[in-house]
Amino acid sequence: MKKKLLEEIKKFRDAGFEVIMDDFGSGNSSFKTLKNVNFDEIKIDMSLIESFDLKSTTIITSIIEMSKKLGIRTLAEGIESESQAEFLKNLGCEKIQGFFFDRPQPEKMFWQHIAEKNISVENRMNRYFYDEIGKVNFLTGESIALFEYNASGIREVFLNAQYKKSLALSGLKENKALEKIFSSSKYDLGKKLKKLANSALKKRKKVSADFILNNRLCSLTFESIAECPEYSMLLSTINSIPLAKEKNLKEEFDSILRNLVTAYETVFVCDAEKNTIRCIYTAESGFRGNNSLYLSEQLLSKIEGQIYRADIERFKKIMSRSYVESALEKSASGTLTEFFRVKNPDGTFHWKFFTIVPIAESLGTKYVVGVRPAELFGEKNNVLIEKLVLDQDFLSLDSTSIKNLYSNEYNLWNSMISDSQIKFFWKDTKRRFLGASQSFLDYYGFKSADEIIGKTDDDLHWHIEDESFRDDEYKVLHDGEIIINRHGQNIIKGILHNISATKFPLYKNGKICGLIGYFTDLDSILPEQLKIKNAAFTDSVTQFMTARGFLVALFGYEDNLYIHGEDYTIGLLEIPEYLFFYKTYGKETAESLAKMIADKIRLYFDESTILGRIQHGRFAVCTKKIKSLSEMREIIRECTESIMDIREVDGKRCGLHVRHGEVLGSEAHSSLQLLELLVNRMSDYQKKNWDFSVTELKIRLKDMGVFFDDISVVDIASNQVVGFYDDGSTFVISDNCCKILGNEKKCGTCIAAKALSKMGSASKFEIINDNIYFMIAHGITVENKSYVIEGIMKLDDLPFANENRKTNTFFDKLSKYSIEIYLDSLTKAHNRKYYDEQIAETNCQAIAFLDMNKFKFINDTYGHRLGDYVLQKTSEAIISSIRTKDTVSRYGGDEFIVCFEEISFEEFEKCLMQIHRNVAKICYGDENEFRASVSIGGCFGPGKACELVVKADDALYDAKKNHGIKIVRG
């Protein structure tokens, strides 16, 4: 292959294009070419498919296996039968085309066919998804399966023969057996498989699990190989080994299981289908196999005398099949543990745990029940514990019995601190914490009690309103009152929770020496329907509060401010690129970005701060702890810098910037007004350093004049350089700002417009005659009107700046290059580089996305020369239809983007219609029998160009259906 051609192909790949070898297996599409060129895909010639005999199928198999090993995708053409399609599918060929799907047809009929068949069009994320799946080599000889997986369940996509055989040997012969096990929550095996699948998604690597089915040891693996917003694709393998062939393994299992069983006093096997229970082991007589006993009144009457009378009704309920199935279905661990008081031989009662474990092989019909003593408190303390817990209103340190419970002999106190799920705490007479249970510390996220000892609730800032909690505790400490189930709100890990608190006085020598209390999180014990309703207050992705929840919290802070005078601060952070990132890479990758942003925010704000995700890319913080705007602003500034350090999410590169604003709660009369002020301030704060009075502007211009050779203020609306009178009115210094650089027309790389659109900075180098200048522009406001400051610096100290005429050629070429680098050589419109670097991030009023109709037909029928001619004429038609201040860029191929800076909706609509009419005047063909046409998608903003383009592109898709125009609002 010629070296020049190889170089050109490499340029295409380096520029991001894919290179495909057509008709592999015929002509010049040889192995030698495949060796010399890095192809992304090979198209298997239809001649290899036509005969479809042993020889051709062997060759096709070898080609696909080779391609997998080389990392090259495959496409097979000429598919005319289901058997051909199924054969290629089993080989793992990524793409197939041919009459089996449909015959070639005109574009209009094709889109109609797509709509009728309800076939979706692949987007960029879908393509990435399927390309990743295409890397799987199905020809390894292993058992392989592909499953689509999401929250709603799992779907079999592909199972090879080996995989199906392994399932059948394990007793899963039914069609789509794994799908059915997954979808039925009553199967313990289904729960294990779901847990394994979720683990594969979370860890992003291969995970495995072993289980026994049909007397075979099955080892199943899942690996997430591709993900898109709708679902993930799991690659699975399964290996099934008869336990009989693994004699040593079977004996080891038996030995281990026998020893595990002896950890229980009694082990039963319940058969839910037969409604029987059989004892297989008791501590008194070892392993047994006595007759089964029906789960009926016969069994209940037999054990009724063994269960403590207060526990009998609960025992009957819990041991019923309906309860067990329901409880196991809800159990995260797949097991169920309950405890009852069981009679000892001496007539006393002892707490015992009943652990119920489903037998996987029975697929939900059999359970093992193990019974063992509950030794947490010890037999001697049972009555005493019940009396203290149930009968006493408060604890007294004078009680001899309670002192005994604190002793090392029983260690009840340590057990309660370490193991109890009760969130209890104790304080001194000044409301300072002396200690708390582990459950309390875990709830608030404290590593140890040292973080709270010596502090009051007020110090920890975890209540929106402190006074009611403070008053309750004074009543306990001063008056000896008992506060029972007092409702309140706490901030836990940035989320507002409803709690119910109970507090008792603590006595020593007859005097109150402190208080002891506990609280319950009411949100955690709500009925299921209310939990679902309450979920609307917590963002499932970041675990921040939603806009609704955040607003509710603000109402609480607002009330506290007006009643108790405690001020608070709110900060708002906005990431403008988030929505574009979401549309480009899909929901899951965008949610990963949201989690990363949330984690960054958590680093700068403690547990007492309410954290909110107000919209997709907008986050808020609210706290009483920070009461200074300058302090809040400094913390948020550091936080934004940390967020902007995020450069990659799930392997996708990204660049972020953050807008932010801060307010004090006392700056507005209501929370809604406060949020409005905050949003306005978020924008205003970015501009405030460049918002001048006339006097301030003159001082700034004088200061900047020290560094620049020329300083000017430009009115972009008129392109005039202006000066200012003391009253704020302007006078014209130059009627064309471009004359500063010796240009009569608007510069091709106008940084002033770019700076104004984003009210920020822009810069460039400009070559004029034999000199190089550095230019910087920044958007400003003067007396509430927008302008741009432009500074120009001549770079005299560059080594080639004062050369003789020999450098003229260099400067001429460089000057020309600085213009042409942004010019499309064919159409003379701006190019994609210009759009990406000069337009995409600027603000505009409207965007039009244009795509030529039937352009491929023109190229294929009349050749690329005529195609180029039509493109040139189309570009001329577009440019002639718009205003001089509007910008046209060739986006790629036959696509153009037009950016309108300031335009009314009516004028925008008129321009698009004029473009449509002017393009329709272009004739082509042997006798000019055809007319060109263009489809146009428009988005009327205002907004960033890159964001409006996304919406215009969506509108273009609809416009293509009838070769017309569609406009949407930004």
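What counts, and at which threshold
- Residues numbered from 1 in each chain as written.
- Predicted model: local features only at pLDDT ≥ 70, side-chain atom pairs only at ≥ 80, totals over all residues.
- Heavy atoms only, no water.
- Buried < 20%, exposed > 50% of the residue type's maximum accessible area, 1.4 Å probe, protein only.
- Helix = DSSP H or I, 4+ residues; strand = E, 2+ residues; numbered from the N terminus.
- Pairing = 2+ DSSP bridges.
- Axes fitted to C-alpha atoms, helices over the stretch in contact; angles between N-to-C directions.
- Contact = heavy atoms within 4.5 Å.
- Nonpolar A, V, L, I, M, F, W, Y, C, P; charged D, E, K, R; others polar.
- 1 Å grid on protein atoms, 1.4 Å probe; cavity = no way out; pocket = protein on both sides within 12 Å on 5 of 7 lines; lining within 4 Å.
- Points joined across faces, edges and corners; volume = space filled by probe spheres on them.
- Left-handed = near helix turned anticlockwise from the far one by under 90°.
- Salt bridge = Lys/Arg side-chain N within 4 Å of Asp/Glu carboxyl O.

1. Points about the pairing of strand S27 (residues 659-664)
Along a regular strand, successive side chains alternate from one face of the sheet to the other.
Now for step 1: The element S27 is extensively covered by neighbouring structure, given that five of its six residues are classed as buried.
Now for step 2: In this structure, strand S22 (residues 569-574) lies alongside S27, joined through six bridges in antiparallel fashion. When the sheet's bridge partners are listed, Ile570 is paired in S27 with Val663.

2. Details of the packing of helix H23 (residues 578-585) against helix H24 (residues 587-604)
Now for step 1: In the contact formed by H23 and H24, the axes pass within 7 Å of each other and the chain directions differ by 145°. Of H24, the residues touching H23 (which contributes Tyr578, Phe581, Tyr582 and Tyr585) are Lys587, Thr589, Ala590, Glu591, Leu593 and Ala594.
Now for step 2: Across the contact of H23 with H24, the residue classes break down as seven nonpolar, one polar and two charged.

3. Notes on empty space enclosed by the protein
Over the atoms, a rolled probe matching the size of one water molecule traces out where space is still vacant.
Now for step 1: On inspection of all chains with the given rule, the structure shows five cavities of 30 Å³ or more.
Now for step 2: Here the largest cavity defines a volume of roughly 110 Å³.
Now for step 3: Forming the boundary of the largest cavity are 15 residues, of which Phe425, Asp457, His463, Lys503 and Phe519 lie nearest the centre.
Now for step 4: Elements represented by at least two residues in the lining of the largest cavity include exactly strand S17 (423-427), helix H18 (438-444), helix H20 (467-479) and strand S20 (495-508).

4. What about the pairing of strand S6 (residues 153-159)?
Now for step 1: As paired strands, strand S5 (residues 145-150) and S6 are joined by six bridges and run antiparallel to one another. Note that in S6 the partner of Asn150 across the bridge is Gly153.
Now for step 2: Between S5 and S6, which pair antiparallel in sequence order, lie two residues.

5. Digging into the packing of helix H32 (residues 864-881) against helix H33 (residues 905-919)
Now for step 1: Orientation of H32 relative to H33, taken along the N-to-C sense of each, is 145°, at an axis distance of 9 Å. Handedness of the H32/H33 crossing: right-handed. Contact residues: Thr874, Ala877, Ile878, Ser880 and Ser881 in H32; Cys911, Gln914, Ile915, Asn918 and Val919 in H33.
Now for step 2: Here the contact of H32 with H33 is built from residues that sort into five nonpolar, five polar and no charged.

6. Considering the pattern of salt bridges
Now for step 1: Summed over the entire model, instances satisfying the criterion amount to 37 salt bridges.
Now for step 2: Its salt-bridge partner being Lys785, residue Asp715 comes within 3.7 Å of it at the nearest N-O pair. Taken together, the residues Asp715 in strand S29 (residues 710-715) and Lys785 in strand S34 (residues 785-794) connect sequence positions 70 residues apart.
Now for step 3: Since its relative accessible area comes to 11%, Asp715 is described here as buried.
Now for step 4: For Lys785, a relative accessible area of 42% translates into the label partly exposed.

7. Description of the sheet that holds strand S2 (residues 41-44)
Now for step 1: Read across the sheet, four strands follow the order S1-S2-S3-S4 without closing on themselves; strand pairing throughout is parallel. The outermost strands of the open sheet, each flanked by one partner alone, are strand S1 (20-24) and strand S4 (95-96).
Now for step 2: Across the sheet, helix H4 (residues 54-70) is in contact with S1, S2 and strand S3 (73-76); its angle to S2 comes to roughly 175°.

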